[in-house]
Amino acid sequence: MALETPYLLAASGAPTKVALYGDTPGAMEALVAVLTGDAPAPGRLPVEVDGVERAGC
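Residues numbered from 1 in each chain as written. Predicted model: local features only at pLDDT ≥ 70, side-chain atom pairs only at ≥ 80, totals over all residues. Heavy atoms only, no water.

A. The arrangement of the environment of Ala39 in detail. Note that Ala39 resides in the segment after α1 (25-35). The contact partners of Ala39, leaving out residues within four places of it in the chain, are Ala33 and Val34. (Helix = DSSP H or I, 4+ residues; strand = E, 2+ residues; numbered from the N terminus. Contact = heavy atoms within 4.5 Å.)

As structure tokens, then:
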């Protein structure tokens, strides 16, 4: 998981990657909902990141 900038995901070997753009309480609550399966993660990366597929393109 990357906070604030998705470019950190390029160094990750994890099969699933999550980028979160902010650290507000609402953003963290949304992240928890996604990680627990209570909410979908329909977004897509707004920029190219090496080794990360931009879903929804």
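B. Seen up close, the layout of surface pockets. Within this model, the largest pocket holds a volume of roughly 540 Å³. Lining the largest pocket are 23 residues; nearest its centre among them are Lys17, Val18, Ala19, Ala41 and Gly43. At the level of secondary structure, the elements contributing two or more residues to the lining of the largest pocket comprise β2 (19-20) and α1. Among the elements that line the lining of the largest pocket, the one with the most residues is α1, at 4 residues. (1 Å grid on protein atoms, 1.4 Å probe; cavity = no way out; pocket = protein on both sides within 12 Å on 5 of 7 lines; lining within 4 Å. Points joined across faces, edges and corners; volume = space filled by probe spheres on them.)

C. Seen up close, the confidence of the model for the protein chain. The share of residues in the protein chain with pLDDT of 70 or more is 96%, and the mean pLDDT across the chain is 89. Per-element confidence in the protein chain ranges from a low mean pLDDT of 90 for strand β1 (residues 2-3) to a high of 95 for α1. (pLDDT = per-residue confidence, 0-100.)

D. Molecular detail of the environment of Val34. Position of Val34 among the secondary structure elements: in helix α1. Separated by 16 residues in sequence, Val34 and Val18 have C-alpha atoms that sit 9.5 Å apart. Filtering out sequence-adjacent residues up to four positions away, Val34 remains in contact with Ala39, Pro40 and Ala41.

E. Representation of the environment of Gly43. Structurally, Gly43 can be placed in the segment after α1. A sequence separation of 11 residues divides Gly43 from Arg54, and the C-alpha atoms of the two residues are 9.4 Å apart.

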